[in-house]
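Remarks on the overall topology
If you want the building blocks of each chain, they are given just below.
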Amino acid sequence: MKIEHVEVLVLGDRRSTDEAKRGYAGSGQIEARAYLRIRTSDGIDGIAEMFEVPPKVAVACLDGPDSFFGAHLVGQDPDPPKRLWRRLMGSQVARDRAGWAVMCIGAVEVALWDIVGKSQGRPVHAYFGGPEWSPIQISRPTQRSHVVPYATVYALDDDPAVLIARQLDQVAKVRELGYRALKVEPLRSSPATIVEMTRRARELIGPDCALMVDVGFLWNEASIARRVVEQIAEFDITWFETPFPVDKLGAYRKLSRMSKIPIAAGEFGVTAPRIIDLMDVGGVDVLLPYVTTAGGFGEVARVVDAAAERGAAVCPGGWGTPVTTATHLHVATWSEVTPYFEYPPPEIYDSPLRKTLADLASFRLTDGLMPVPVAPGIGIELTDDVIARFRVT
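Residues numbered from 1 in each chain as written. Predicted model: local features only at pLDDT ≥ 70, side-chain atom pairs only at ≥ 80, totals over all residues. Heavy atoms only, no water.

A look at the overall build of the chain
Counting its regular elements, the chain contains 15 helices and 13 strands. Computed over the C-alpha atoms, the radius of gyration of the chain is 20 Å, within 12% of the 21 Å expected from 2.2 N^0.38 for a compact globule of 393 residues. Across its three principal directions, the C-alpha atoms of the chain cover 60 × 50 × 45 Å. Taken across its 393 residues, the chain has 57% of its residues classed as buried. Here the contacts in the chain between residues at least 6 apart in sequence split such that 72% fall between residues at least 24 apart. For the chain, the accessible area works out to roughly 15,700 Å², and carbon and sulfur atoms hold 49% of it. Distance from the positive charge centre (43 side chains) to the negative charge centre (50 side chains) of the chain: 3 Å. (Helix = DSSP H or I, 4+ residues; strand = E, 2+ residues; numbered from the N terminus. Rg over C-alpha atoms; globule rule 2.2 N^0.38 Å. Buried < 20%, exposed > 50% of the residue type's maximum accessible area, 1.4 Å probe, protein only. Contact = heavy atoms within 4.5 Å. Areas by Shrake-Rupley, 256 points an atom, 1.4 Å probe, with all protein chains shown as cover. Lys, Arg positive; Asp, Glu negative; His and termini not counted. Charge placed at Lys NZ, Arg CZ, Asp CG, Glu CD.)

This is the structure:
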């Protein structure tokens, strides 16, 4: 089996003129998202979603045999994925191996594992240990057979009252769908708005639902974050997410030492060492890697092992489409330190692409849980119909 073709597919939600004027902010729509497709001589496709990689960068790196990385892939055996991952990372040894280049390499690694799993009839998590939990660490009967997604609610508005109302409306819908955990996102908000939204969200969901708060890299000063954390601690917050830019390790360390709430970060971390530094240097309690952004399944496995040694948690972020969700389901299955992983519920967002891919996915939410994957590979396909309907370039 050899790699015959590498291709970047740019998909998104088509909008009306009125929608174009309003823009995508807060709607959950996908403007233009790059997906990688690798095809083999056996007719097997491997896919990956390239979160936060600009489509033109993805095309330059991976679209066709003459692209930056495509030349290293066409004609190669996709198995084992680690070999080609090393080949691509080795091509960058004289550079700072971070940023978009490594994110593209991470997408290649995911697509290669998708191919290997499909060719051998096994889900990807089986290659990383599967759902093998210690019998004395099983706290619920479904722990080996199901994982727990947390629903992210997201809406933007410059008026704090409207912002709170819109997100609380989503919170109510998410609870009706049966989610056991959810995250509010009072982005670009004042401390008072953050506290008010958190208080009202906890009142709305009751005491039995996990609640996370994400403020989206809002501050540079630890003193502001500390005051907010102190005020929302009474609402039983599972974690407080990304108060600072990802490279402000000193600020994270200062806040983590004084916070009663676990601090979470790492969704834009590229490579395992940089993500682990958030924990070792920044004192972060919960790491939030995206698999492709981090550099692939192998890099996230390194993060999981490091977190397990240090008593931290790894809860993959996932503000993508169900292709990302399908990928992260495998980490949630094999990791012993992943109580939750992120999932933006398609039902609450104005995104036909999200909804269509969710219908194609092999996972479904039942009683707040998703079953561990059993389909070969990552467990989702980009069909020709979907590509034709949503292709934007």
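Describing unusual backbone geometry
What is expected of a backbone is that most residues other than glycine have negative phi and most peptide bonds are trans. A cis amide bond links Asp 79 to the next residue, Pro 80, at an omega of 5°. Inspection of the secondary structure puts Pro 80 in the loop between helix 3 (70-73) and helix 4 (81-90). With a phi angle near 65°, Glu 52 is a residue other than glycine that sits in the positive phi range. With respect to the helices and strands, Glu 52 occurs in the loop between strand 3 (45-50) and helix 2 (55-62). Residue Glu 52 is classed as partly exposed on the basis of its relative accessible area of 44%. For Arg 188, which is not glycine, the phi torsion reads 50° and is therefore positive. With a relative accessible area of 60%, Arg 188 lands in the exposed category.

As for the environment of Leu 287
In this fold, Leu 287 is placed in strand 10 (residues 286-287). Residues Leu 287 and Trp 319, 32 residues apart in the sequence, show an inter-C-alpha distance of 15 Å. Residue contacts for Leu 287: discarding those within four places in its chain leaves Ala 265, Ile 275, Leu 278, Met 279, Val 303, Ala 313, Val 314 and Cys 315.

Digging into helix 7 (residues 191-205)
Helix length check: helix 7, at 15 residues, gives a terminal C-alpha distance of 21 Å against a target of 21 Å (1.5 Å per residue), a fit within 8%. Within the span of helix 7, buried status applies to Thr 193, Ile 194, Val 195, Met 197, Thr 198, Ala 201, Arg 202 and Ile 205. Taken from the residues just after helix 7, Gly 206 is the one with a positive phi, measuring 80°. (Expected span 1.5 Å × (residues − 1).)

Examining the side chain of Glu 241
With respect to the helices and strands, the residue Glu 241 is situated in strand 8 (residues 237-241). For Glu 241, a relative accessible area of 1% translates into the label buried. Of the polar contacts made by the side chain of Glu 241, one reaches the side chain of Lys 183; its length is 3.0 Å. One polar contact links Glu 241 to Trp 239, side chain to side chain, over a distance of 3.0 Å. Apart from residues no more than four positions distant in its own chain, Glu 241 is found in contact with Tyr 150, Lys 183, Val 213, Asp 214, Val 215, Gly 216, Ala 264, Glu 267 and Leu 288. (Polar contact = N/O pair within 3.5 Å; in protein donor to acceptor, adjacent residues only side chain to side chain.)

Structural notes on the environment of Phe 390
Along the chain, Phe 390 falls in helix 15 (residues 384-390). In this structure the C-alpha to C-alpha distance between Phe 390 and Phe 69, which are 321 residues apart in sequence, comes to 25 Å. Setting aside residues no more than four positions away along its own chain, Phe 390 makes contact with Val 10, Leu 11, Gly 12, Asp 13, Arg 14, Pro 352, Leu 353 and Thr 356.

Quick look at the pattern of salt bridges
Enumeration according to the criterion identifies 18 salt bridges in this entry. Where Arg 33 meets Glu 49, a salt bridge forms, and the shortest distance between an N and an O atom there is 2.4 Å. Here Glu 49 lies in strand 3 and Arg 33 lies in strand 2 (residues 33-40), a separation of 16 residues in the sequence. Note on Arg 33: relative accessible area 11%, which makes it buried. Where Asp 214 meets Lys 183, a salt bridge forms, and the shortest distance between an N and an O atom there is 3.6 Å. Remark: Lys 183 occurs in strand 6 (residues 181-184) and Asp 214 occurs in strand 7 (residues 210-214); sequence separation between them is 31 residues. Overall, the relative accessible area of 0% leaves Lys 183 in the buried class. (Salt bridge = Lys/Arg side-chain N within 4 Å of Asp/Glu carboxyl O.)

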